Amino acid sequence: MGDPGANSVPAADAADAAEVVGTGADLHLDLGARRGRNDLIRALHESIRSGRLAPGTRLPSSRSLAKDLGIARNTVADAYGQLVAEGWLTARQGSGTQVADRTTFADRTTFANRTTFADRTSVADRATSADHGASTSQLPTATEWRYNLAPGSPDVSTFPRGEWLAAARKALPAAPNEAFGYGDPRGRIELRRTIADYLARARGVRADPERILICSGYVQALNLLSEVLASQGATTIAVEEFGYDLHWDVIRSRGLDPVPVPVDENGVRADLLTGQAALLTPAHQMPLGVPLAPDRRTAAVEWARETGAILIEDDYDGEFRYDRQPVGALQALDPERVAYTGTASKSLAPGLRLAWMVLPEHLMEPVLAAKRTADLLTATLDQLILAEFIAAGHYDRHVRRARLHYRRRRDRLVELLAVRAPAVKVAGISAGLHVLLDVQGEAKEMVDRAARQGLRVASLDTYRFKSDPSARQALVVGYGTPPDHSYNGALDLLCQVLGV
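1. Brief notes about the overall build of the protein chain
Helix and strand content of the protein chain: 15 helices and 17 strands. In the protein chain, buried positions account for 57% of the 500 residues. Carbon and sulfur atoms form 51% of the exposed surface of the protein chain, whose accessible area is close to 20400 Å².

2. Structural notes on the packing of helix α6 (residues 161-174) against helix α12 (residues 380-391)
Running from amino to carboxyl end, α6 crosses α12 at an angle of 110°, the nearest separation of the two axes being 8 Å. On the basis of the axis angle, α6 is roughly perpendicular to α12. Here Glu-163, Trp-164, Ala-167, Ala-168, Lys-170, Ala-171 and Leu-172 of α6 come into contact with α12, specifically with Leu-381, Asp-382, Leu-384, Ile-385, Leu-386, Glu-388 and Phe-389. Taken together, the residues that form the contact of α6 with α12 break down as ten nonpolar, no polar and four charged.

3. A word on the sheet that holds strand β4 (residues 212-215)
Here we have seven strands laid out as an open sheet, ordered β4-β12-β11-β10-β9-β5-β6, and mixed in their pairing. Here the strands that pair on one side only, and so sit at the sheet edges, are β4 and β6 (257-261). Adjacent strand axes in the sheet meet at a mean angle of 20° when their direction is disregarded. Relative to strand β12 (residues 355-358), β4 is paired through four bridges, and the arrangement is antiparallel. Following the sheet pairing, Leu-213 is matched in β12 by Met-357. Set on the sheet, helix α9 (residues 245-253) makes contact with β5 (236-240), β6, β9 (277-280) and β10 (310-314); between it and β5 the angle comes to about 175°. Where helix α10 (residues 294-307) meets the sheet, it contacts β9 and β10, and its direction lies at approximately 145° from that of β10.

4. Here we look at the environment of Asp-184
Checked against the element boundaries, Asp-184 lands in the loop between α6 and α7 (189-203). The class for Asp-184 is buried, based on a relative accessible area of 9%. In this structure, the C-alpha to C-alpha distance between Asp-184 and Leu-377, residues 193 residues apart in sequence, is 7.1 Å.

5. Section: unusual backbone geometry
Here the bond from Met-286 into Pro-287 is cis, since omega is 10°, no more than 30 degrees from zero. Mapping Pro-287 onto the fold places it in the loop between β9 and α10. Despite not being glycine, Arg-353 shows a phi value in the positive range, around 55°. Summarising the element assignment, Arg-353 is placed in the loop between β11 (338-343) and β12. Given the relative accessible area of 27%, Arg-353 is considered partly exposed. With phi around 70°, Leu-376 is a residue other than glycine that occupies positive phi space. Topologically, Leu-376 is positioned in the loop between α11 (361-374) and α12.

6. A word on the sheet that holds strand β16 (residues 458-459)
One open sheet accounts for four strands, arranged β13-β14-β17-β16; its pairing is antiparallel. With one partner strand each, in any of the chains shown, β13 (425-427) and β16 form the two edges of the open sheet. Sheet analysis places β16 next to strand β17 (residues 474-478), joined by two bridges and oriented antiparallel. Its bridge partner being in β17, Ala-458 is matched across the sheet by Val-476.

7. Quick word on the pattern of salt bridges
This structure, assessed with the given rule, holds 27 salt bridges. The partner of Glu-46 in a salt bridge is Arg-52, and the shortest N-O contact between them spans 3.9 Å. Residue class for Glu-46 comes out partly exposed when judged on its relative accessible area of 42%. For Arg-52, a relative accessible area of 13% translates into the label buried. A salt bridge links Asp-184 to Arg-192, with the nearest nitrogen and oxygen atoms 3.4 Å apart. The exposure classification of Asp-184 matches that of Arg-192, with both residues buried. What emerges from the salt-bridge pattern is a single network uniting Asp-184, Arg-186, Arg-192 and Glu-210.

8. Regarding the packing of helix α8 (residues 218-231) against α9
Taken N-terminus to C-terminus, the directions of α8 and α9 make an angle of 30°; their axes are 9 Å apart at the nearest point. Here α8 runs over α9; the crossing is right-handed. Touching Tyr-218, Val-219, Leu-222, Asn-223 and Ser-226 of α8 are Leu-246, His-247, Val-250, Ile-251 and Ser-253, all from α9. Across the contact of α8 with α9, the residue classes tally to six nonpolar, four polar and no charged.

Reading guide: rules and limits
- Residues numbered from 1 in each chain as written.
- Predicted model: local features only at pLDDT ≥ 70, side-chain atom pairs only at ≥ 80, totals over all residues.
- Heavy atoms only, no water.
- Helix = DSSP H or I, 4+ residues; strand = E, 2+ residues; numbered from the N terminus.
- Buried < 20%, exposed > 50% of the residue type's maximum accessible area, 1.4 Å probe, protein only.
- Areas by Shrake-Rupley, 256 points an atom, 1.4 Å probe, with all protein chains shown as cover.
- Axes fitted to C-alpha atoms, helices over the stretch in contact; angles between N-to-C directions.
- Parallel < 35°, antiparallel > 145°, perpendicular 65-115°, else oblique.
- Contact = heavy atoms within 4.5 Å.
- Nonpolar A, V, L, I, M, F, W, Y, C, P; charged D, E, K, R; others polar.
- Pairing = 2+ DSSP bridges.
- Salt bridge = Lys/Arg side-chain N within 4 Å of Asp/Glu carboxyl O.
- Left-handed = near helix turned anticlockwise from the far one by under 90°.

Shown next, in the form of structure tokens:
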């Protein structure tokens, strides 16, 4: 019998739940080391002046932003007040705090010259004159498991159907007729503009709609990049020694050799990168759960600059962080050496088959050419709906709801293990949709025991480039996967498998 209070909202979370309802946009702000009032004002100034925060953008409440940044609520309130007084922000009862219309002051060099689609000679015109997070063995399947704690999938029962339907009802009647025909292989301009604005403010990406390409899932993005790199003479791609074998298979399928690079508590060993490119998960290493340390981020970019290599940034679940400050995108350090990739598979649902790349300028044309011969273009109707979904604020609200939902699940898992399996060490808990459990005994035997009882979990060795069953014994547990009604049962059976 499940714990009747397991899925209820704890008193400490009640304010968090209420906060989600009226929240503003998700923000990525770099305050530096001091993290005071003036640092926040400087960061907001820079974000508004650069165009990362567009006029009319609704900011999070002072309480919400303070919690996200780990600073005092009064610090945020004072900073907001100062910026309102200076005319950078507006504050109205019932409308929250928004970015003021100061277009005459904005230095929008990165986002300048956004002419209409019809006024542009597009890249498409010039060219014409399984999803991310899983391997064949690791992908969640339709197999009937009693309980599924395999990593790699969100709780799809939380998909915001009502808000998605509302976005569809608004986007589709307003869509121009040409949206229903063959279009730009890069994707709909409405979505590319919206994605550019979102990535700039939420992930710190230096994004221009002209450099964004919409893909049919992350695997296609990796396929296209691998194909282009191989056509340009690349022979090897450095990969983290822990990851998804499907991704390594994709790289091999394009004639490239994936070369594993060691990963430790500070992320991948940037000093050991090799080849003509590197595939990295800098915000949240999969499956170890560690972010790439600042000095290694810098070293990886320096390596790419010195060798002419390309860093492929896999930002697969950058929205979900709980106990640490957000880690901004590596791409911001050098947009000409980093190809940024993101996806809706974790934040919304894998079934949408929508992902995006922000590409260095010299890769845009060849990747676009590869896209045209792969499938011409990604389905446009869902692109239009997602663009409206983000623009209307539904996406930000959904991400905050989901973040709270998964944080509670993680807390429930950690609390239960502390009582029923105190010898198990839990790691990688500060972000993402999975944790790492260091176990006593053989992890593979525990996986097999779990399978016999109808529980799906994975061992760390499954994600190792070269299998080594004698190495670290750990389970990778995806707490995001099961629906609410089965979560307690899954945790109870997990504790039984752990032998307690």
